[in-house]
Amino acid sequence: MSSALLSQRPSLTEEPSEVAIPMDNFLNANSDAVEPVQIVFKNLRYAVTMKGKGPGAEDRRPIVSSAATSSEKLEAGAAAETAPAPTGRFGRHRARAPRTYEKTILHSLVGAFQPGRVTAILGPSGSGKTSLLNIMAGSVKAGHITGDILVNGRQVTGQAIRLVSGYVFQDDVILPTMTVEEAIDMCAMLRCPELGPTERRRRVDEVIALLELDKARHTIIGSPDKKGVSGGERKRCAIAMELITNPSVLFLDEPTSGLDAYTAATVTYILKQLAQSGRTVVAVMHQPSSEIFHTFDDVMILHEGRTVYLGEASHAVDYFSRVGYRCPTYTNPADYFFMSILYQFDPSNLQVGDKTGQIQAEHRRMDEIYQFWQDSPEAAYYRHLSDNPLTRRITTSTFKRRATLGVQYKTLLRRSAHNALRNKMVIHAKLGQAIFFGVFVGLIFLRIPHKDSLAAQAQDMTGALFFVAVNQFFANSMPVVTTYAAERDVFTREHGNGLYSLPAYFLAKNTVELPFVILAPFIFSCITYWMFGLQASAAKFFIYVAVTITVALCGNAFGTFLACSVKDLAIAMVIMPVIILPLMIFGGLFVNTGSAPPYLAWIQWISPIKYGFSALAINQLRGYTSQGQNIGDTTLENLDLGSFGILVNIMFLLGLFLVLFVLAYLGLWRLVRVNAAGKIQRGKLSPKKQLLADPLAHFPALEDISGPYRESPSDVALSEKHLNGEPRQRLVSKHTLDDIASADGPAHFGSVGTFVHPTAGSLVPGADETVHSTAESRRSSANGPSAP
Ligand SMILES: Nc1ncnc2c1ncn2[C@@H]1O[C@H](COP(=O)(O)OP(=O)(O)OP(=O)(O)O)[C@@H](O)[C@H]1O
């Protein structure tokens, strides 16, 4: 972290929003280019269908209250409908549980992510933070999404948001052999095709400088086997790869997880810096430190898919005081929220007999907290905002671009070539294997024509040629499964992020593989041809090489097909011999294909080994004489390899190669189609049209929001509406912990934690009663933990 940045970190006594970090790069100097994008969500519900009976009714706990939204009421109804129905001959007693049930992950959320602000999504594990981020970023893979998402007043799907946003995933999947600079540069080439080489370089340099990656720019990303950059550098590299397009919105899933406190703070301050240039930054965070917590502008706290709080980070402590939970002075608010509000209940401390009662008391406690949120003016603010969003026009200049197919192919070709050349062990293994097998099998079948016995010559000749076909098929199908599998995560992530298209990747990857698939069989052929003592004819030699290479290509295509079609590498490795063995048995040597059972004999038609062996055998054995006898033709007759000549067999091999490659492509297409982000949430309009459409008609035409959202006209309207005509005031307090600490007591907190606004009295008419009853009921909960 630069000293300039460090020296300007906010302390607990400072307003986080006052942090001013100088930036003189395109990300800020050109901040006009960052168009403010406000994301509003309304009644956002996300559910997945699960197999099995599902949790008990008490676990579903739909809240239905006077304040519950209509979709929550609907949801409650749906939950009741999914309960086991009394079916069967004996009615209720024979009721069968449904085979599937619906699990609601997010319950009718209402809220907004504002431009120019960092919003942190906090909550316990499994509370739905990542799901919410994935919905916003159009990366949801399964389930049903209902509700509205608005981007500057336009109703959109996640796919449309992807056009104006970058998403930094929790696990940074970057090709391990790339250096930091190469990874960022590749993104610049693929996503900023409009930039010339000089401008692109400048932008890469700026992003590297901003994310303080200078020292690591030439270090490879690395993997568990090969050390590369540190965890923090890797995370910053992932952020840089998204930032290169200067997106208006940046989503980050746990950008600080696994980082030490200092590096986590560095990353957080960079996020703050990015928001200050007008971006909407939304980050899922796990247990932020106190200092990091105060860096956020807004926080959204989720619990079991429900909102517990959404609003200014600095106001959260006040809010929970009103609920009845007063954060002790000098305590990290995030720790307090987690340990004393969201997690009062520790099942391991319970006596068996107490469990049910305590679980129910805990559920009641949380229900009250949800309900308090629903009834709060803060929630009313967001409901109002969802009806009065920012309606600023979005221009196409904000949209992420994609390079042409040609540029994608060139970029990926270069990357794949670097990747292949840097994996020296793989190259050595491939060439070493060809040399080893060539010499080994050459020694076994050494100088066949020099053997005394004609029968031995015929047997060895067929055995050697059959081994060549089998070996080339096997040796080229096995490794490709593992190399594709190793890269598949990177591919699905990058393709899912819209970095490049499937044809560009598939073509580039196979173009780079091709030289190795040709070179290794060529070396193998050169060694074996002369060691076997095959016919000294240039034409026969070249046919031998050509057939060997074609069988190798088929093997490679078969391996690619398996790797692209079967998700699990272990399963692919199990399936492989199951398919290869029949192809081998019907390869022309073991079974006389003319006399094979007809219901199995068809296998020979799809066996590249059979075509390869036939071509090799005809090439060497037709007219082959030894000791004055034509043993070649006799052997061929006995093998009964069919009537095709060498050329036809080679044509069949090439045909199989093409078919397998098309199947491999379709397999990969299926894989990314299943993983396609936003697949389940399709809009009627294309993502671009959704963003370029007019805002929804019923919104009042608001002026652009130039300052923080609380200054917006909608805020004024809300203040007036909810405070019954009282003078305008902030709905959200700007107290920091230190303010609270110094005021200490009744100036800010009522006797049971009622929030009293320093200038305007109680923020919520009737709040005293609400808080009293909440605190009271918590105290009186059977065996419940005592109020803080
Ligand atoms: N596609 C899915 N199928 C089944 N369950 C799912 C699916 N997606 C999410 N869930 C469930 O939804 C809940 C919320 O998941 P999510 O990943 O959003 O939580 P989270 O708050 O991000 O958790 P963590 O902090 O541990 O990453 C979890 O119980 C998870 O198992």
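For the protein chain, the name recorded in an unreviewed UniProt entry is ABC transporter domain-containing protein, with Tieghemiomyces parasiticus as its organism. Here the protein chain is described in UniProt, under the heading Subcellular location (unreviewed entry), as follows: "Membrane".

(A) Quick peek at the site of the ligand. Among the 14 residues in the neighbourhood of the ligand, the closest are listed as Ser125, Gly126, Lys129, Thr130 and Ser131. Across the complex, the protein chains shield 66% of the 640 Å² of accessible surface that the ligand would expose by itself. Looking at the shell around the ligand, the elements that each hand over two or more residues are strand S1 (39-51), strand S2 (100-113) and helix H4 (129-136). Of the residues forming the shell around the ligand, the biggest block, three residues, is contributed by H4. Of the residues contributing to the shell around the ligand, the split by class is four nonpolar, seven polar and three charged.

(B) Representation of the environment of Val470 within the structure. In this structure, Val470 sits in helix H17 (residues 454-496). Judged by its relative accessible area of 10%, Val470 is buried. As for Val470 and Met584, which are separated by 114 residues in sequence, their C-alpha atoms are 7.0 Å apart. Not counting chain neighbours up to four residues away, the residues in contact with Val470 comprise Met584 and Ile609.

(C) Region of interest: the sheet that holds strand S4 (residues 144-151). Taken in spatial order, the four strands make up an open sheet running S2-S1-S4-S5, and their pairing is antiparallel. The sheet is open, and its two borders are formed by S2 and strand S5 (154-155), each paired with just one other strand.

(D) Inspection of the nonpolar core at higher detail. Ranked by internal contacts, the top residues of the largest apolar core, which has 193 residues, are Ile39, Leu132, Met136, Ile184, Phe251, Val299 and Phe320. Not counting residues up to four positions away in its chain, the partners in contact with Val299 are Ala120, Leu122, Phe293, Tyr309, Leu310, Gly311, Glu312, Ala313 and Ala316.

(E) The confidence of the model for the protein chain, seen in detail. On average, residues of the protein chain score 77 in pLDDT, and 75% of them reach the 70 mark or higher. Here residues 57-93 scores under 50 on pLDDT; set against residues more than four positions off or in separate chains, the count is 58 contacts. Low pLDDT, under 50, characterises residues 675-680; the stretch is placed with 22 contacts to residues that sit more than four places away or in other chains.

(F) Main features of the pairing of S4. Examined bridge by bridge, S1 and S4 share seven bridges and lie antiparallel to one another. Within S4, the residue paired with Phe41 across the bridge is Ile149. Sheet topology places S4 next to S5; two bridges connect them, and they run antiparallel. Residue pairing across strands places Leu150 opposite Gln155, the latter belonging to S5. What sits between S4 and S5 in their antiparallel hairpin is a turn of two residues, with Asn152 showing a positive phi close to 45°.

(G) Structural context of the packing of helix H16 (residues 424-444) against helix H18 (residues 502-532). H18 packs onto H16 with a crossing angle of 20° between their chain directions and a minimal axis gap of 8 Å. One way to sum up the angle between H16 and H18 is to call them roughly parallel. For H16 against H18, the interelement crossing comes out right-handed. Between H16 and H18, the residues in contact are Ile427, Lys430, Leu431, Ala434, Ile435, Phe437, Gly438, Val439, Val441, Gly442 and Leu443 and Glu513, Phe516, Leu519, Ala520, Ile523, Phe524, Ile527, Thr528, Met531 and Phe532, respectively. A breakdown of the residues in the contact of H16 with H18 according to their chemical character gives 16 nonpolar, three polar and two charged.

(H) Layout of the sheet that holds strand S6 (residues 165-168). Pairing in this open sheet of six strands is mixed, and the strands run S6-S7-S8-S3-S9-S10 from one edge to the other. Edge strands, defined here as strands with exactly one partner in the open sheet, are S6 and strand S10 (306-312). Between one strand axis and the next, the sheet turns by 15° as a mean value, whatever way the strands run. Direction of pairing for strand S9 (residues 298-303) relative to S10: antiparallel, over a ladder of six bridges. The residue of S10 that forms the bridge with Asp298 is Glu312.

Cut-offs applied
Residues numbered from 1 in each chain as written. Predicted model: local features only at pLDDT ≥ 70, side-chain atom pairs only at ≥ 80, totals over all residues. Heavy atoms only, no water. UniProt positions renumbered as here; feature names shortened; annotations may be inferred. Near = heavy atom within 4 Å. Areas by Shrake-Rupley, 256 points an atom, 1.4 Å probe, with all protein chains shown as cover. Helix = DSSP H or I, 4+ residues; strand = E, 2+ residues; numbered from the N terminus. Nonpolar A, V, L, I, M, F, W, Y, C, P; charged D, E, K, R; others polar. Buried < 20%, exposed > 50% of the residue type's maximum accessible area, 1.4 Å probe, protein only. Contact = heavy atoms within 4.5 Å. Pairing = 2+ DSSP bridges. Core = buried A, V, L, I, M, F, W, Y, C linked by side-chain atoms within 4.5 Å. pLDDT = per-residue confidence, 0-100. Axes fitted to C-alpha atoms, helices over the stretch in contact; angles between N-to-C directions. Parallel < 35°, antiparallel > 145°, perpendicular 65-115°, else oblique. Left-handed = near helix turned anticlockwise from the far one by under 90°.

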